[in-house]
Amino acid sequence: MQTVDTYVIVPTYNEVDNIDELVTQILDLPVAVGIIVVDDNSPDGTGAAADKWAIEYPEQVHVVHRPGKLGLGTAYIAGFKMGIQVLQAQRLMTMDADFSHNPRYIPAMLVMSADKHVVIGSRYVAGGGSKNCSWKRIWLSKIANLVARTLLGLKANDATAGFRLYRREVLETIPLDQIFSSGYSFLVEMLFMCQRRGWQIGEVPIVFEDRRKGTTKISRQEVLKAQYTVLRLFWRRLRGREPRQPQIPVSA
Ligand SMILES: Nc1nc2c(ncn2[C@@H]2O[C@H](COP(=O)(O)OP(=O)(O)OP(=O)(O)O)[C@@H](O)[C@H]2O)c(=O)[nH]1
Ligand SMILES: [Mg+2]
């Protein structure tokens, strides 16, 4: 078996209907990737379902258990720490558990990571798109992207996507414990930090599909919190608190 140096972080909260199929599909990919499930003590038993995979595939599947719902952003951070400090990962990916992010795009994202430090699975580049999403969901995403790109100067076309790959050296420069957002706006804050530090960002087209099973965790409160995060980062940008570094060349 190939040694695993890339792990996909999958934050879960009540994803018992999705987790088995997702782990199966990731392990079946023609590339060697491991999985770090970060479960927030899901009442539906997702954590226990993930544990069964970790027992069967101790090299590839790892589970971080947290005591309660602590937010998407902090779940990613817990996964990054596990990947960097414990598993010595060279690349860490993030994706949702609900099949909105199809694992079939992982190989193409890995290929692009040879030339880019951060790779986004993107709805808004040629070949990408959204399937079966309500107009409300599509507009929420489009407006969030427009605002983040305009106020923060983000260059990526899909700045709010949760399907990403970060090379290890990128994560080593980001002060994870200082990230302000605990929820969905973590994604915007993280991208802002990566871009300002000069890391090169690429996008692979993906078709985002609305979740088939389970329920959304995005609340009105999350949307408000995201607006606050963007304004806070905009203020930091205006005050020159996050100086723009020159682009860093990509090494092999
Ligand atoms: N560990 C953890 N996972 C979370 C938390 N909130 C959301 N998630 C997971 O993060 C991923 C994205 O959440 P979703 O509810 O699907 O949000 P979304 O994809 O933006 O919204 P939908 O389009 O409605 O599915 C899913 O795998 C969730 O189970 C949380 O507080 N803790
Ligand atoms: Mg989802």
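For the structure, check the block above.
A. Focus on the overall build of the chain. When its secondary structure is counted, the chain shows 8 helices and 9 strands. Here the C-alpha atoms of the chain give a radius of gyration of 17 Å, agreeing with the 18 Å that 2.2 N^0.38 yields for 252 residues. A principal-axis box enclosing the C-alpha atoms of the chain has dimensions of 50 × 40 × 35 Å. Once local pairs closer than 6 in sequence are excluded, the contacts in the chain between residues at least 24 apart make up 83%.

B. A look at the site of ligand 1. Around ligand 1, the surrounding shell holds 22 residues, and the nearest of these are Pro-11, Ala-75, Ala-97, Thr-216 and Lys-217. Those elements giving two or more residues to the shell around ligand 1 turn out to be strand 1 (6-12), strand 2 (34-39) and helix 3 (72-86). Looking at the shell around ligand 1, its residues break down into 8 nonpolar, 4 polar and 10 charged.

C. Seen up close, the environment of Thr-12. Looking at the secondary structure, you find Thr-12 in strand 1. Looking at Thr-12, the number of C-beta atoms within 10 Å reads 25, which means it is buried. Placed 71 residues apart in sequence, Thr-12 and Gly-83 show a C-alpha to C-alpha distance of 17 Å. Other than its neighbours up to four places away in sequence, Thr-12 contacts Ile-19, Val-37, Val-38, Asp-39, Ser-42, Thr-46 and Ala-97.

D. Just helix 8 (residues 220-238), in detail. Compared with an ideal rise of 1.5 Å per residue, which puts 19 residues at 27 Å, helix 8 spans 27 Å between its outermost C-alpha atoms and is within 8% of the ideal. The secondary structure elements touched by the buried residues of helix 8 are helix 5 (135-152) and helix 7 (186-196). A positive backbone phi angle near 70° is found at Gly-240, which sits one or two residues after helix 8.

E. Summary view of the nonpolar core. One finds Val-8, Ile-9, Ile-35, Val-118 and Leu-191 to be the most contacted residues of the largest nonpolar core, which totals 62 residues. Among the elements that line this core, the one with the most residues is helix 7, at 7 residues. When neighbours within four sequence positions are excluded, Val-118 is seen to be in contact with Arg-164, Leu-165, Tyr-166, Val-170, Cys-194, Trp-199 and Ile-201.

Reading the values: the criteria
Counting from 1, residues in each chain are numbered in the order their sequence is written. Labels are handed out in written order, letters beginning with A for the chains and numbers beginning with 1 for the ligands. Whole-chain, interface and lining totals are the exception, using all residues; otherwise, since this is a predicted model, local features are given only for residues with pLDDT of at least 70 and side-chain atom pairs are given and counted only at 80 or more. Numbering of helices and strands starts at the N terminus; helices are DSSP runs of H or I of at least 4 residues and strands are runs of E of at least 2. We compute the radius of gyration over the C-alpha atoms and compare it with the globule rule, which gives 2.2 Å times the number of residues raised to the power 0.38. By definition, residues are in contact whenever their C-beta atoms, placed on the basis of the backbone, come within 7 Å of each other. In this analysis a residue is considered near a molecule or strand if the C-beta atom, reconstructed from its backbone, is found within 6 Å of that molecule or strand. Amino acids are sorted into nonpolar (Ala, Val, Leu, Ile, Met, Phe, Trp, Tyr, Cys and Pro), charged (Asp, Glu, Lys and Arg) and polar (every other residue, Gly among them). Whether a residue is buried, exposed or partly exposed follows from its count of other C-beta atoms within 10 Å of its own C-beta, namely 20 or more, 12 or fewer, or something in between, respectively; the C-beta atoms are built from the backbone. Expected span of a helix, by definition, is 1.5 Å for each gap between consecutive residues, and there is one gap fewer than residues. Remark: nonpolar core denotes a set of buried Ala, Val, Leu, Ile, Met, Phe, Trp, Tyr and Cys residues whose joining runs through C-beta atoms within 7 Å.

Taken by themselves, the reported measurements are silent on function.
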